Amino acid sequence: MKFRAEKRIDAPVWMNVVVTLLFVSFAFVAGGLFLYTQGVPPLSAYWIILRSSFGSGYDLSETVVKALPLAMVSIAVMLCYTMLIWNIGAEGQALLGALAAAAVVRYFPAESRVAMLSLMAVAAAVAGGVWAGIAGFLRVKWNVNEIITTLMLNYIAIRLLEFFIYGPWRDPSSLGFPMTKPFIDSARLPTLWGTRVHMGLFALLVLAVVMEVIMRKTRWGYEIRVMGDNSRAASYAGMNYFRGVVGVMFLSGAIAGFTGMCEVAGLQGRIQAGFSAQYGYTAIIVAWLSHLSPALSLFVAFLMSSLLVGGAALQIEMGLPLASAAIFQGLILFFVLGGEFFLNYSVRLDLGPAKGPDAHEKYAGGGG
Amino acid sequence: METLIPILAAAVRSGTPILYATLGEIVTEKAGIMNIGLEGIMLMGALTGFSATLSTGRPWLGLSAAFAVGACLGLIHAFLSVTLGSNQVVCGLAMTMFGGGASALMGRNQVGMTIKGMAPLDIPVLSELPILGRVFFSQDIMVYISFILVFFLVFFLRCTRPGMDLRAVGDNPRAADAMGLPVARIRCTYAILGAGLVALGGAYMSVVYNKFWAESMTAGRGWIAVAMVIFAVWNPMRAALGAYLFGGVDAFQLRLQAAGTSVPTPLLMMLPYILTILVLVFISIGKGRKISLSAPSALGVPFYREERD
């Protein structure tokens, strides 16, 4: 008796959905077992997550608030992943965007909201774009591993932010708390429906549509996909890999930077310590789970966001560390990766005596 | 010179966690498996090592437990990337997240506790050497084991049959398979052992170096170790060089902080990360060719006998 895996040509859509859902639920079973071994009752933990993220209109709006940056950043990193460029520095790029926005508010305050916000958006996008562009440039110019550079740039961005809020930009009237002065009114994104959901929501919807069109319908999007599939073939076809990578990294960083600006202008209205709750990393899962589709990422980000909201509720109600939500993120990725095997291969159970292939294996002398 | 010696000795201690992690990753990558989840594995190792030491009072048990937990995580990575042929970058990211979250949850009641750790042990005669003696030979046993491990790995990879098999499955799994090597089994074995070493690096931080546990205490050292593998062009000797360079910068910036310089702390704390990027850029410019020649050719590529490359 032996298992055999045969490659599938193309798994149908329904199978994708069923397998993904099945394996995500396995992840929650595994996560529940893990919580149980740590003395945390899993069912009540799950109940808290559900109730805190979907329980009331307000909770739902908070889930949307947290889903916003997740979806935006996941759209940002998707671009790179389509090209097989691993930008895992969206976190740092968002921080840089927030810093640039804060710098504009601090040094060039404007009365007009439109002028102020557009200036902030441009500054944030450029800052994030340059931050990511550095890694992209190093990658194509000298083949410097972009996973490491983008990640190191994250740590540097965090320290940079700390430098400003503990140092030159600290609000003198904050009683020693590390934070900047609150932004002037014209630098705040208006909120909607009396909740904390801000105008960034519209920006996100526009962005998702635009990116979906760019990725599927334009020549540039096509080139990105070809370069991701086979960079050498792309070069032979006259596509400029250098410009492609730097361009994609810049755009990706720019979107992440813009996200940082939306967060700071829409929510806190100032930069303070612990400003970003690791959206950059969670967004990577969102990008992967939504199969690199901007439209689908809106939905996945919403579900993932419930885990973040739930994680915060677990911290308050059960005293668990905020980082606990990362356990589920890791497990979901593990299980979905495992599930992909069943999408790519059909597994058969061979009963009875070994036939052709096994005889061949004997000659090959292996047989693991 | 007298002021420099303590800094150099501290550089060796502070570089040791990175050294263990780098050696573990070299072993894994030489077999053709890329595990970028070192940060998560180190954190799990740090927590396991600390809590086992705390409850038994024996650092040795703590370190062994950490190795075992690291090996289990390595098994997960090996299963996903070798058996199921998953994307190894995404799998490594999952490992980072899981390790970070799980260690935070499991260690939530141990924050703020301290242990005795390991006493330093002067090696007779060698520790009497001028300068070198106090830098290298007045350390703790784990530092000495890391020295031995470096030389052992150089020897193992170059001169032994299993070492050659290990390189063969990383460079050309198809040829290795044709020669009758069990590719999947060899790859899994070294992915597991490598992850064990990585966890040992994390445990060194909590059990020997800091003697406490704190959430995400490795602060990016796992990622720095991933970078160090490239800096070392997969050579254990150069890995030691890189690790101590980092230890040096870390020790130096800690001393500057303690001395109360006018440079703001966040800027000092940036140094190791900036250095990582610079080192990586310089090595890629200067030794780009050597890197592409030394990198295991099949790194990160799953191997199935039934499929064409």
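Residues numbered from 1 in each chain as written. Chains lettered and ligands numbered in written order. Predicted model: local features only at pLDDT ≥ 70, side-chain atom pairs only at ≥ 80, totals over all residues. Heavy atoms only, no water.

Our next topic: the overall build of chain B. Within chain B one finds 13 helices and zero strands. When the helices and strands of chain B are read in sequence order from the N terminus, they spell out α-α-α-α-α-α-α-α-α-α-α-α-α. Expected size for 309 residues packed as a compact globule is a radius of gyration near 19 Å; at 19 Å, chain B falls within 12% of this value. Each of the three principal axes of chain B carries a C-alpha extent, and together these read 60 × 45 × 40 Å. Looking at chain B as a whole, 60% of its 309 residues qualify as buried. Across chain B, the centroid of the 21 positively charged side chains sits 3 Å from that of the 15 negatively charged ones. (Helix = DSSP H or I, 4+ residues; strand = E, 2+ residues; numbered from the N terminus. Rg over C-alpha atoms; globule rule 2.2 N^0.38 Å. Buried < 20%, exposed > 50% of the residue type's maximum accessible area, 1.4 Å probe, protein only. Lys, Arg positive; Asp, Glu negative; His and termini not counted. Charge placed at Lys NZ, Arg CZ, Asp CG, Glu CD.)

This prediction gives chain B a mean pLDDT of 87; 99% of its residues lie at or above 70. Interface confidence for the predicted complex, given as ipTM, is 0.86, next to a pTM of 0.86. (pLDDT = per-residue confidence, 0-100.)

Moving on, we come to the packing of helix α6 (residues 146-166) of chain A against helix α10 (residues 221-231) of chain B. Between α6(A) and α10(B), whose axes approach to 10 Å, the crossing angle comes to 145°. α6(A) and α10(B) meet at a crossing whose hand is left-handed. Between α6(A) and α10(B), the contacting residues are A:I147, A:I148, A:L151, A:M152 and A:Y155 on the first element and B:W223, B:I224, B:V226, B:A227 and B:I230 on the second. (Axes fitted to C-alpha atoms, helices over the stretch in contact; angles between N-to-C directions. Left-handed = near helix turned anticlockwise from the far one by under 90°. Contact = heavy atoms within 4.5 Å.)

The residue B:T16 is located in helix α1 (residues 4-30) in this model. On the accessibility criterion, B:T16 (0% relative accessible area) is buried.

All names here are of chain A. A surface patch of nonpolar side chains, about 680 Å² in accessible area, is lined by W47, L50, F54, L60, L296, F299 and L303. For the nonpolar patch, the secondary-structure elements that each account for two or more residues are α2 (42-54) and α12 (294-318). Following the sequence through the fold, W47 ends up in helix α2. The class of W47 is exposed, set by a relative accessible area of 53%. (Patch = residues over 30% accessible without salt bridge, like charges linked within 9 Å, V, L, I, M, F, W, Y side chains within 5 Å. Areas by Shrake-Rupley, 256 points an atom, 1.4 Å probe, with all protein chains shown as cover. Salt bridge = Lys/Arg side-chain N within 4 Å of Asp/Glu carboxyl O.)

Taken together, the 50 residues of chain B in the interface contact 50 residues of chain A. Summing the contributions of chain B and of chain A, the shared interface buries around 4400 Å²; its carbon and sulfur component is 80%. Here chain B is connected to chain A by zero salt bridges. One can count two residue pairs in polar contact (both at pLDDT 80 or more) joining chain B with chain A. Of all elements in the fold, only α3 (59-83), α4 (88-106), α8 (173-178), α10 and α12 (265-286) of chain B reach the threshold of two or more residues within the side of chain B that touches chain A. With 13 residues, the single largest contributor to the side of chain B that touches chain A is α4(B). The residue inventory of the side of chain B that touches chain A, partitioned by class, reads 35 nonpolar, eight polar and seven charged. (Buried area = accessible area lost by both parts, 1.4 Å probe. Polar contact = N/O pair within 3.5 Å; in protein donor to acceptor, adjacent residues only side chain to side chain. Nonpolar A, V, L, I, M, F, W, Y, C, P; charged D, E, K, R; others polar.)

Before going further, it helps to examine the packing of α1(B) against helix α11 (residues 236-259) of chain B. All names here are of chain B. In contact at an axis separation of 6 Å, α1 and α11 are set at 135° when each is read in the N-to-C sense. Judged by the inter-axis angle, α1 sits oblique to α11. Our pair here, α1 against α11, has a crossing hand that is right-handed. Counted by class, the contact of α1 with α11 contains 16 nonpolar, six polar and two charged residues. (Parallel < 35°, antiparallel > 145°, perpendicular 65-115°, else oblique.)

The next subject is the packing of aromatic side chains. Scanning the model with the defined rule gives 18 aromatic pairs over all chains in all. Each ring, one from A:Y155 and one from B:Y273, has its centre 4.7 Å from the other, and the planes form 10°; the classification is stacked. Placement of the pair is A:Y155 in helix α6 and B:Y273 in helix α12, with the two residues belonging to separate chains. No difference in accessibility class separates A:Y155 from B:Y273, as the two residues are buried. Above the ring of B:F231, the side-chain terminus of B:R238 is found at 5.2 Å from the ring centroid. (Phe/Tyr/Trp six-rings, centres within 6.5 Å; stacked < 30°, edge-to-face > 60°. Lys NZ or Arg CZ within 6 Å of the ring centre and 35° of its normal.)

A pair can form between side chains of opposite charge whenever their charged atoms are brought close. Residues and elements named next belong to chain A. All chains considered together, the criterion is met by seven salt bridges over all chains. R51 is the salt-bridge partner of E317, the closest N and O atoms lying 3.0 Å from each other. Here E317, found in helix α12, pairs with R51, found in helix α2; they are 266 residues apart in sequence, far enough to count as distant. Accessibility expressed as a relative area gives 36% for R51, which makes it partly exposed.

Listing the buried residues of helix α8 (residues 219-229) of chain A in full gives A:G221, A:E223, A:I224, A:V226, A:M227 and A:G228. Packed against the buried residues of α8(A) are α3 (57-82), α7 (200-217), α9 (231-236) and α10 (241-268) of chain A.

This brings us to the side chain of A:E212. All names here are of chain A. Structurally, the position occupied by E212 is in helix α7. For E212, a relative accessible area of 19% puts it in the buried group. Of note is the side chain of E212, whose polar atom sits 2.8 Å from the backbone nitrogen of A295. Other than its neighbours up to four places away in sequence, E212 contacts S293, P294 and A295.

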